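Survey of secondary and tertiary structure
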Amino acid sequence: MNKSFKVKSSAVVVVAFTAAGDMKFLLEELARDPPPPRQWIGSESWVTDPHSMSFSFCAGTIGVAIQQSVIPGLRDFLLDLSPSEVAASSVLTEFWEDAFNCSLRETVYAIAHALHNAACQETNDMTQCDKRMSVEPKQVPASVCSESCPPGTRKVLQKGKPICCYDCIPCPEGEISNITDSPDCFLCPREFWPNSKRDACFPKPVEFLTFDEVLSVILAAFSVSGACLAIITAVIFFYHRTTPVVRANNSELSFLLLFSLTLCYLCSLTFIGAPSEWSCMLRHTAFGITFVLCISCVLGKTIVVLMAFKATLPGNNVMKWFGPPQQRMTVVSFTFIQVIICIIWLVVSPPFPVKNLTTYKEKVILECALGSSVGFWAVLGYIGLLAVFCFVLAVLARKLPDNFNEAKMITFSMLIFCAVWITFIPAYVSSPGKFTVA
């Protein structure tokens, strides 16, 4: 290079788009007599070459390169290549030799020699070959590092080893692979679940309280038995309706109480069977209304006991203000409030059937969603409010004379009811599917 040219040149930027081999001679020549500082701009070929970048005057060189990108499908294409397809391309042959850390030509020669030795025999300086011989796979040396991964597993490459070396990892819970040497596992649809081998998806079993289950039979037996006992008691009361005992026990409220108890027992049968729109609405509303009717009757009887005791005091004629018409009106009024609450619930956001896919992964629970949680808790809260009110009145009447000892029984009954009610609510809310009925 002309020394005077280097000194007199006023250029401060040198652009060199050339191969690394050609650039090597230029840089070595410049290194003998380093030029003033200049900004180098070069192509990827020599900018990425460690030897070229070792020269001090190349510090700060700006390189121009082609942006790297992921080519969709290239990986699967390269993995699915057969030896014959690779041998037909020099580029693919070089790729295989680099990726598998072996020589394709040597592999082909090894297979050819193996076939030759299996089919040919040398006798008396002559070679005889059986051209019709069938070759078993075990007679040919396998040029793979790992066996194929069966369905239900996925391939995971072994770090630091050739691409043909991999581990077969079982698919995680809820996922499957249905092809050999699958690179990934995929999730089953929401209402499906893998089989034991995790190579196929099957519909999840649907769970609800059917009529032929043991729990349903026990529930139905208790419900029918309780209803029958209430009906038998009502028949006995009706037969002896003219006796002083029945007449003193407020027969009208007693018959209404036995009728509401019969409905309470029978409404549990609505929880058996597959939930539907009508059954979901009937379950909660029938449950709430019949319980309020029952407690309203008990509350009416408690008020009658208190009023009757006050009526025995001199100059007190309070019973004329709480006779049979007022008693009936009390029961109807308390029950009507619950009916209004249920109607508003059904109009605004009624209960509806839903498939519960979150509680259990391996099965679908068919149950009734509440719709409006406010409506549900309003129904339960009103029942609890009446029960507490009835319990308080019964406690106030518990020390009345023995002729009015019915209040003592009401106190005990409502105490048990409130205790059961407190434990029922969390158990009902937290129990999924058919266990809600139990």
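- As recorded by an unreviewed UniProt entry, the protein carries the name G-protein coupled receptors family 3 profile domain-containing protein and is attributed to Goodea atripinnis.
- Turning to the protein, the UniProt record has this under Subcellular location (unreviewed entry): "Cell membrane".

Some details on helix α10 (residues 251-267)
- An ideal rise of 1.5 Å per residue puts 24 Å on 17 residues; α10 measures up with 24 Å between its terminal C-alpha atoms.
- Considered for burial, the residues of α10 that qualify are Leu253, Ser254, Leu257, Leu258, Ser260, Thr262, Cys264 and Cys267.

As for the packing of helix α12 (residues 324-348) against helix α13 (residues 373-396)
- Across the interface, α12 lies against α13 with an axial gap of 9 Å and an inter-helix angle of 170°. The orientation of α12 relative to α13 falls into the category roughly antiparallel. For the pair α12 and α13, the contacting residues are Phe334, Ile337, Gln338, Ile341, Cys342 and Trp345 in the first and Gly375, Phe376, Ala378, Val379, Tyr382, Ile383 and Leu386 in the second.
- In terms of residue class, the contact of α12 with α13 is built from 11 nonpolar, two polar and no charged.

Quick look at unusual backbone geometry
- Phi angles above zero are rare outside glycine, and aspartate 181 is one such case at about 55°.
- Within the fold, aspartate 181 resides in the loop between β8 (175-176) and β9 (186-187).
- Look at arginine 198: it is not a glycine, yet its phi comes out positive at around 60°.
- Relative to the elements of secondary structure, arginine 198 occurs in the loop between β10 (192-194) and β11 (201-203).
- Arginine 198 gets classed as partly exposed once you look at its relative accessible area, which sits at 28%.

A closer look at the pattern of salt bridges
- Across all of its chains, the model carries four salt bridges by this definition.
- Salt-bridge contacts for arginine 32 lead to glutamate 29; the nearest nitrogen and oxygen are separated by 3.6 Å. On the criterion of helical spacing, the pair formed by arginine 32 and glutamate 29 is a turn pair, its members being three residues apart in helix α2 (residues 20-32).
- Judged by relative accessible area, which is 70%, arginine 32 ranks as exposed.
- Classification of glutamate 29 by relative accessible area gives partly exposed; the value is 27%.
- Notably, a salt bridge pairs glutamate 207 with lysine 363, separated by 2.8 Å at the nearest N-O pair. In this pair, glutamate 207 sits in strand β12 (residues 206-207) while lysine 363 sits in the loop between β13 (352-356) and β14 (364-369), placing the two residues 156 residues apart along the sequence. Lysine 363 matches glutamate 207 in its accessibility class, with the two residues each being buried.

Cut-offs and rules
- Residues numbered from 1 in each chain as written.
- Predicted model: local features only at pLDDT ≥ 70, side-chain atom pairs only at ≥ 80, totals over all residues.
- Heavy atoms only, no water.
- UniProt positions renumbered as here; feature names shortened; annotations may be inferred.
- Helix = DSSP H or I, 4+ residues; strand = E, 2+ residues; numbered from the N terminus.
- Expected span 1.5 Å × (residues − 1).
- Buried < 20%, exposed > 50% of the residue type's maximum accessible area, 1.4 Å probe, protein only.
- Axes fitted to C-alpha atoms, helices over the stretch in contact; angles between N-to-C directions.
- Parallel < 35°, antiparallel > 145°, perpendicular 65-115°, else oblique.
- Contact = heavy atoms within 4.5 Å.
- Nonpolar A, V, L, I, M, F, W, Y, C, P; charged D, E, K, R; others polar.
- Salt bridge = Lys/Arg side-chain N within 4 Å of Asp/Glu carboxyl O.

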